[in-house]
Amino acid sequence: MFQRIYIEITNTCNLDCSFCLKNKRVPKMMTIAEFEHVIQEIKTHTQHIYLHVQGEPFMHPDLMEFLNIAHQAGLKVHLVTNGTYLGRVDTKLYAHPALAQISVSLHALEINEEDINHKVLKQLIFDSADHHFSLFLRIWRFDDLVSRAKLSKLINIDIEKLPMKRTKIAKNLVVDLDESFTWPSLSNLKLSESGYCHSGTKLIAILSDGTVTPCCLDAEGILELGNIHQLSFESMLKGERLTQLNRSFNQNVCSEELCKHCSYRLRFNKKRGITL
């Protein structure tokens, strides 16, 4: 049972943020039929699905239907959005019973009382205690001073005084700050043969074309286990590539070349006493 499974319903986005990996794949939105198939394949393997790897999920015209499908399967949905479509979607989305969390990136937010997205977000914050889902106010780069100022103004709290990078400031309302990280790539500097990651054990990802990868940051599908529209999810979980990846991580060894070039996994090393 995975803690979460990432399902990339679209790899397209309306923005070009500096901290995001540029999409090199053919633009793709999952169809309803494709999403239904994915859910049928994975529904017994998790209780929580995250509708992204790359892309802006609020751009998908069938997002509400995807929530319906997830709800029928007993799955909880987590959404990460850049916030620029908050005012464009059906307001019924925010009351949908499948919704477990919305994480709003503040880098693109307009602090403007006349901006519809700002108005919707302010209302979501105001009503957060009455919601059945958690609202995360997210900054992906803690060194982004402009976004930090936006957040402080939005919640009327000096975030410099918050005790932790992830702080619950009210019921169902969380400030979530992160440090910059580099997306894994074979072109990055090779770090070491040793390391550990939750990929393939606590989480797994399905890209918009159906490619299954153990890593939620493997946006190019380099660690491809197969395609969920061609192979059963169960067979891929029992396959040699994932088995070897998990076995190696249990021994603090990176069996995959991409993992050897990934700096994101370093945040897990200290807890396991791993040094480069």
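That block above? That's the structure.
Residues numbered from 1 in each chain as written. Predicted model: local features only at pLDDT ≥ 70, side-chain atom pairs only at ≥ 80, totals over all residues. Heavy atoms only, no water.

## Structural notes on the nonpolar core
By size, the foremost hydrophobic cluster in this structure holds 77 residues, and its most contacted members are Ile7 and Ile42. No other element matches helix H2 (residues 63-72), which puts five residues into this core. Those residues in contact with isoleucine 42 that sit more than four places away from it in its chain are Ile5, Ile7, Ile49, Leu75, Ile206, Ile228 and Phe233. (Core = buried A, V, L, I, M, F, W, Y, C linked by side-chain atoms within 4.5 Å. Buried < 20%, exposed > 50% of the residue type's maximum accessible area, 1.4 Å probe, protein only. Helix = DSSP H or I, 4+ residues; strand = E, 2+ residues; numbered from the N terminus. Contact = heavy atoms within 4.5 Å.)

## Description of the pairing of strand E1 (residues 4-7)
Sheet analysis places E1 next to strand E8 (residues 203-206), joined by four bridges and oriented parallel. By the bridge assignment, arginine 4 is partnered in E8 with leucine 203. In terms of handedness, the path from E1 via helix H1 (residues 32-42) over to strand E2 (residues 48-50) forms a crossover that is right-handed. (Pairing = 2+ DSSP bridges. Right-handed = clockwise from strand over helix to strand, strands pointing away.)

## Considering unusual backbone geometry
If you check the backbone angles, asparagine 156 has positive phi at about 60 degrees while not being a glycine. Its place among the elements puts asparagine 156 in the loop between helix H4 (145-155) and strand E6 (166-170). Phi angles above zero are rare outside glycine, and asparagine 172 is one such case at about 65 degrees. When you line up the elements, asparagine 172 lands in the loop between E6 and strand E7 (173-177).

## Comments concerning the pattern of salt bridges
Under the defined criterion, the tally for this structure stands at eleven salt bridges. Measuring nitrogen to oxygen at the nearest pair gives 3.0 Å for the salt bridge that ties glutamate 193 to lysine 260. In this pair, glutamate 193 sits in the loop between E7 and E8 while lysine 260 sits in helix H7 (residues 257-260), placing the two residues 67 residues apart along the sequence. The class for glutamate 193 is partly exposed, based on a relative accessible area of 40%. Judged by its relative accessible area of 11%, lysine 260 is buried. Glutamate 257 serves as the salt-bridge partner of lysine 260, at 3.6 Å between the closest nitrogen and oxygen. Of this pair, lysine 260 and glutamate 257 both sit in helix H7, three residues apart, which is roughly one turn of the helix. Connected through salt bridges with shared partners, the residues Lys190, Glu193, Glu257 and Lys260 form a single ionic network. (Salt bridge = Lys/Arg side-chain N within 4 Å of Asp/Glu carboxyl O.)

## Observations regarding the side chain of histidine 198
Looking at where histidine 198 falls in the secondary structure, it is placed in the loop between E7 and E8. Apart from residues lying up to four places away in sequence, histidine 198 is in contact with Leu203 and Phe268.

## Some points on the sheet that holds strand E9 (residues 211-213)
Here ten strands make up an open sheet; going across it, the order is E6-E7-E5-E4-E3-E2-E1-E8-E9-E10 and the pairing mixed. At either margin of the open sheet sits one strand with a lone partner, and together these are E6 and strand E10 (226-227). As paired elements, E8 and E9 share two bridges and run antiparallel to each other. When the bridges of E9 are listed, isoleucine 206 appears paired with valine 212. Contacts from H1 reach E1, E2 and E8, with the element oriented near 165 degrees to E1. Docked against the sheet, H4 engages strand E5 (134-139), E6 and E7, running at close to 145 degrees with respect to E5. (Axes fitted to C-alpha atoms, helices over the stretch in contact; angles between N-to-C directions.)

## Overview of the side chain of glutamine 101
Tracing the chain through its elements places glutamine 101 in strand E4 (residues 99-105). Non-local contacts of glutamine 101, meaning those with residues more than four positions away in its chain, are made with Val77, His78, Leu79, Phe133, Ser134 and Phe136.

## Digging into H1
The complete set of buried residues in H1 reads Phe35, Val38, Ile39 and Ile42. Relative to the axis of H1, the buried residues are bounded by an arc of 100 degrees and lie together on one face. For H1, the elements touching its buried residues are E1, E2, H2, E8 and helix H5 (233-237). (Arc of directions from axis to C-beta.)

## Section: the packing of aromatic side chains
Going through the model one piece at a time under the given rule, you end up with five aromatic pairs. Ring centres 5.1 Å apart and planes at 35 degrees place the aromatic pair tyrosine 6 and tyrosine 50 in the tilted group. Taken together, the positions of tyrosine 6 in strand E1 and tyrosine 50 in strand E2 put the pair 44 residues apart, joining distant regions of the chain. Of the two residues, tyrosine 6 and tyrosine 50, neither departs from the other in class, the shared state being buried. Considering the side-chain rings of phenylalanine 35 and phenylalanine 66, the 4.2 Å spacing of their centres and the 20 degrees angle between planes classify their relative orientation as stacked. Of this pair, phenylalanine 35 sits in helix H1 while phenylalanine 66 sits in helix H2, and the two are 31 residues apart along the sequence. No difference in accessibility class separates phenylalanine 35 from phenylalanine 66, as the two residues are buried. One Lys or Arg, arginine 88, reaches over the ring of tyrosine 85 and ends 4.0 Å from the middle of that ring. (Phe/Tyr/Trp six-rings, centres within 6.5 Å; stacked < 30°, edge-to-face > 60°. Lys NZ or Arg CZ within 6 Å of the ring centre and 35° of its normal.)

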